[in-house]
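Letter by letter, the chains look like this.
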Amino acid sequence: MLELRFSNHILECGCDEAGRGCLAGPVVAAAVILPDDFQCDLLNDSKQLSEKRRDYLRNIIEKEALAYAVAEVDNQTIDKINILNASILAMHNAIDKLPIRPEFIIVDGNKFKSYKQVPHKTIVKGDGKYLSIAAASILAKTYRDELMCKLHNQFSEYDWKQNKAYPTKKHKAAIKEFGTTVYHRMTFKMD
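A short tour of the structure in this document, coming up. For every chain, the first residue of the written sequence is number 1, and numbering continues from 1 along that sequence. Confidence filtering applies because this is a predicted model: local features only for residues at pLDDT of at least 70, side-chain atom pairs given and counted only at 80 or more, and all residues used for totals across whole chains, interfaces and linings. By convention in this description, side-chain values take in all heavy atoms of the structure and omit both hydrogens and water.

## So, helix 6 (residues 169–178)
Using the following cut-off: The buried label applies to any residue whose accessible area, calculated with a 1.4 Å probe on protein chains only, is under 20% of its type's maximum; exposed applies above 50%, and partly exposed to all values in between. By the criteria applied, helices consist of DSSP H or I runs no shorter than four residues and strands consist of E runs no shorter than two, each listed in order from the N terminus. Note: the arc covers the axis-to-C-beta directions of the helix.
The complete set of buried residues in helix 6 reads His171, Ala174 and Ile175. Axial view of helix 6: buried residues confined to an arc of 100 degrees, hence all on one face. For helix 6, exposure combined with an orientation more than 90 degrees from the buried face picks out Lys169, Lys170, Lys176 and Glu177. Trailing helix 6 by a residue or two, Gly179 shows a phi angle of about 80 degrees, which is positive.

And the structure:
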């Protein structure tokens, strides 16, 4: 069972991103504030769950969260400022979109930049420890996967419906055969 809170602040926001290691598409981040009585035994790091389970949990999170928001940073910006800075920017943008200002922020991983004087804590493997980070990981992943499936309709040869633009053999072979698209991250190693 994951913990509800890291701090003793009720308006604690969990943040995570999806798509850092991809060769194409945006990096997507989510910010989630859960209510004090939130419980969900099924909630876990999105990478540990099936697509069907993530979609099911996304509905629960969107219904029961006090507040949630999702934001993306496109591949051109990733190429300009690098993937780490783009991931942090996406998280900041997601927090900006929250209708409630958080009192404390917990972030999956070990890198984050201060957000408007709100105290924060980075937590390695936080998506497997805290419910709000796990919830953010699920929203970020499901929103990004949805987006990559839509882009797949334009560029089906890259198999983004299946690989979500991660560097699979099929994706790399398609880059070799067809070149890159406007969605590819040009600063990433393609072969």
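After that view, the rundown keeps rolling.
## Digging into the packing of helix 1 (residues 51–64) against helix 4 (residues 131–154)
Put simply, the test is: Where helices are involved, their axes are fitted lines through C-alpha atoms of the stretch in contact, as for all axes, and angles between N-to-C directions lie from 0 to 180°. Reported orientations rely on four angle classes, namely roughly parallel under 35 degrees, roughly antiparallel over 145, roughly perpendicular from 65 to 115, and oblique for the rest. Left-handed describes a crossing whose near helix is turned anticlockwise from the far helix through less than a right angle; right-handed describes the clockwise counterpart. The contact criterion used throughout is that any non-hydrogen atoms of two residues lie within 4.5 Å. When residue character is reported, Ala, Val, Leu, Ile, Met, Phe, Trp, Tyr, Cys and Pro are called nonpolar, Asp, Glu, Lys and Arg charged, and the others, Gly included, polar.
One can describe the packing of helix 1 onto helix 4 by two numbers: an axis separation of 9 Å at closest approach and a directional angle of 120 degrees. Our classification of the angle between helix 1 and helix 4 gives oblique. Between helix 1 and helix 4 lies a crossing of left-handed hand. Together, Arg54, Asp55, Leu57, Arg58, Ile61 and Glu62 of helix 1 and Ala135, Ile138, Leu139, Lys141, Thr142, Tyr143, Asp145 and Glu146 of helix 4 make up the contact between the two elements. Split into classes, the residues belonging to the contact of helix 1 with helix 4 amount to six nonpolar, one polar and seven charged.

Nothing here speaks to function; it is all geometry.
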